Amino acid sequence: MNPNLISIADLSSEEIRAVLDRADELKVRRDDPAARSILAGKSLAAIFEKPSTRTRVSLEVAMTDLGGHALYLNSGDLQLGRGETIADTARVLSRFVSGIAARVYDHNTVEELARTATVPVINSLSNAEHPCQILADLMTMRERFGRLAGLKVAWVGDGNNVCNSTILACALMGMDIAVASPPGFGPDRKILDQADRLGGRTVVVADPVEAVRGADVVETDTWVSMGDEAEAAKRAEAFRRYQVNSGLLRHAKSDVIVLHCLPAHRGMIF
Ligand code: NVA
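Residues numbered from 1 in each chain as written. Predicted model: local features only at pLDDT ≥ 70, side-chain atom pairs only at ≥ 80, totals over all residues. Heavy atoms only, no water.

You'll find the protein chain entered in an unreviewed UniProt entry as Ornithine carbamoyltransferase, with Methanothrix harundinacea given as the organism. Under Catalytic activity (unreviewed entry), UniProt gives the following word-for-word description of the protein chain: "carbamoyl phosphate + L-ornithine = L-citrulline + phosphate + H(+)". Of the comments in the UniProt record for the protein chain, the one headed Sequence similarities (unreviewed entry) reads "Belongs to the aspartate/ornithine carbamoyltransferase superfamily." (UniProt positions renumbered as here; feature names shortened; annotations may be inferred.)

Put into C-alpha cells, the structure is as follows:
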C-alpha cells in the first residue's frame, strides 16, 4: 500500500470508504480516552509554504486529540527556506517524526518529499491537488445523503487544485460531476484523462446553469488561489458569470448542499 497521500487517486475507492468510516467513528469517539491515545508518541511535521487556517488547525488539533504532537513549520523557519534541498529536509525530518504534511506552491515539491522521506507524506494542498479537503467534503456528502455513488456534483468556477481532486474523487466513488469554468480556466486535461481512465463520468461545460441542473452538491472555490494573485483583476472579470448565488441554485435539486473550502471573501460585489 502506498503510504503517502499526494493525490486523492493514491487511494482506491475501498481505501477512501475505510478512511471515511474511521473518521465517522473517531468523530463520535472524540472524548473517548482510548481514542485519545491512538497516536501516542507520534509527531507530525506540518510544513506550510502558504498560509492556512483550517488545514493547520485541523491537523494540529487532530494530532493532539489522538494523543500525538504536531510541529508547525513555515518555510521561513526551516533551512528549506534558505536553500537546503527538499531531499535533505525530508531525510532529516524522517529521523525525528512519524509523518510529514506539506502545503506547497509546486506539486513537484510534495512529490519529491514523498520520494525522499522514509515516513508517510501528506499533501496538505499544492497547486495541483488538495486531497485532504476532498476527504472532508466526501465525509460531509455522505453524512448528508447517506451515500456517495450516484450523487451529482456540480463544480462552478476555477478548474483549480480543489476542482482536480474533486473530479478524481467523483470518478473513484461513482459520482457524476459537471464542471463549469470560463474559457481558459477549466480543469487540467491530464486530470480529465485520468478521471476517464478511472471510469469517471465527467462533463465540462461553459454554462453554470447547465452544470448545476439536477445537482445534489454544488462546489466552488475562490477565483484567485494562492499564487494567482497577479491575475486577480483578469480573473474577477472572467468569473463574473460563475457566481454561486440563489438564482443559480434554483436549477439544482431542492435539497442541494453548497460546499466551499474557504476562505471566502465576504461582501465582495461584482
Ligand atoms: N484553491 C485555493 C484553496 C484554498 C484552501 C488555493 O489554492 O488557494
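That covers the picture; the talk isn't over yet.
**Student:** Can you walk me through the packing of helix H5 (residues 131-145) against helix H6 (residues 161-173) in this structure?
**Tutor:** The axes of two packed helices give the description: the angle between them and the distance between them. Interhelical geometry of H5 versus H6 gives an angle of 50° and a closest axis separation of 9 Å. Taken together, the axes of H5 and H6 are oblique relative to one another. Considering only the axes of H5 and H6, their crossing is right-handed. Residues Pro131, Gln133, Ile134 and Leu138 of H5 form the contact with H6, whose own contacting residues are Val162, Ser165, Thr166, Ala169 and Met173. Among the residues forming the contact of H5 with H6, the class breakdown is six nonpolar, three polar and no charged. (Axes fitted to C-alpha atoms, helices over the stretch in contact; angles between N-to-C directions. Helix = DSSP H or I, 4+ residues; strand = E, 2+ residues; numbered from the N terminus. Parallel < 35°, antiparallel > 145°, perpendicular 65-115°, else oblique. Left-handed = near helix turned anticlockwise from the far one by under 90°. Contact = heavy atoms within 4.5 Å. Nonpolar A, V, L, I, M, F, W, Y, C, P; charged D, E, K, R; others polar.)

**Student:** Where do I start with the packing of H6 against helix H7 (residues 189-197) in this structure?
**Tutor:** For the pair H6 and H7, interaxial distance at closest approach is 9 Å and the crossing angle is 10°. Between H6 and H7, the interaxial angle falls into the category roughly parallel. For the pair H6 and H7, the contacting residues are Asn164, Ile167, Leu168 and Ala171 in the first and Ile191, Leu192, Gln194 and Ala195 in the second. Here the residues of the contact of H6 with H7 are counted per class, giving six nonpolar, two polar and no charged.

**Student:** Teacher, can you tell me more about the site of the ligand here?
**Tutor:** Lining the immediate surroundings of the ligand are Leu125, Asn160, Asn161, Asp221, Thr222, Ser225, Met226, Cys261 and Leu262. Here a nitrogen atom of the ligand sits 3.4 Å away from a polar atom, N or O, in the side chain of asparagine 160. At 2.6 Å from a nitrogen atom of the ligand is found a side-chain nitrogen or oxygen belonging to aspartate 221. When the ligand is considered free in solution it has 270 Å² of accessible area, and contact with the protein chains removes 95% of it. Looking at the shell around the ligand residue by residue, the classes come out as four nonpolar, four polar and one charged. (Near = heavy atom within 4 Å. Polar contact = N/O pair within 3.5 Å; in protein donor to acceptor, adjacent residues only side chain to side chain. Areas by Shrake-Rupley, 256 points an atom, 1.4 Å probe, with all protein chains shown as cover.)

**Student:** I would appreciate a short explanation of the environment of aspartate 228 in the present structure.
**Tutor:** Along the chain, aspartate 228 falls in the loop between strand S8 (217-220) and helix H9 (232-238). Considered as a pair, aspartate 228 and asparagine 127 are 101 residues apart in the sequence and their alpha carbons are 9.9 Å apart. There is a polar contact of 3.4 Å between the side chain of aspartate 228 and the side chain of arginine 235.

**Student:** Looking at this structure, I do not really get the nonpolar core. What am I missing?
**Tutor:** When a protein is soluble and globular, its nonpolar side chains tend to lie buried together. Core analysis: the biggest nonpolar cluster contains 34 residues, and Ile8, Ile16, Leu138, Met141, Leu148, Ile167 and Met175 have the highest contact counts within it. Mapped onto this core, the elements with two or more residues apiece are helix H1 (13-28), H5, strand S5 (152-156), H6, strand S6 (176-180), H7 and strand S9 (257-260). The element that contributes the greatest number of residues to this core is H6, accounting for nine residues. If near-sequence neighbours (up to four positions away) are discounted, isoleucine 8 is found in contact with Ile16, Glu129, Pro131, Ile134, Leu135, Ser165, Leu168, Ala169 and Leu172. Residues Leu93, Ile100, Ala117 and Val121 belong to the second largest nonpolar core, which totals 19 residues. (Core = buried A, V, L, I, M, F, W, Y, C linked by side-chain atoms within 4.5 Å. Buried < 20%, exposed > 50% of the residue type's maximum accessible area, 1.4 Å probe, protein only.)

**Student:** Looking at this structure, how should I read unusual backbone geometry?
**Tutor:** One can expect most non-glycine residues to show negative phi and most peptide bonds to be in trans. The linkage connecting leucine 262 with the following residue, proline 263, adopts the cis geometry, with an omega of 10°. Despite not being glycine, leucine 125 has its phi angle at roughly 120°, a positive value. Secondary-structure assignment places leucine 125 in the loop between strand S4 (121-123) and H5. Given the relative accessible area of 6%, leucine 125 is considered buried. You will see that leucine 262, though not glycine, has its phi angle at about 65°, which is positive. Along the chain, leucine 262 turns up in the segment after S9. Given a relative accessible area of 32%, leucine 262 falls into the partly exposed group.

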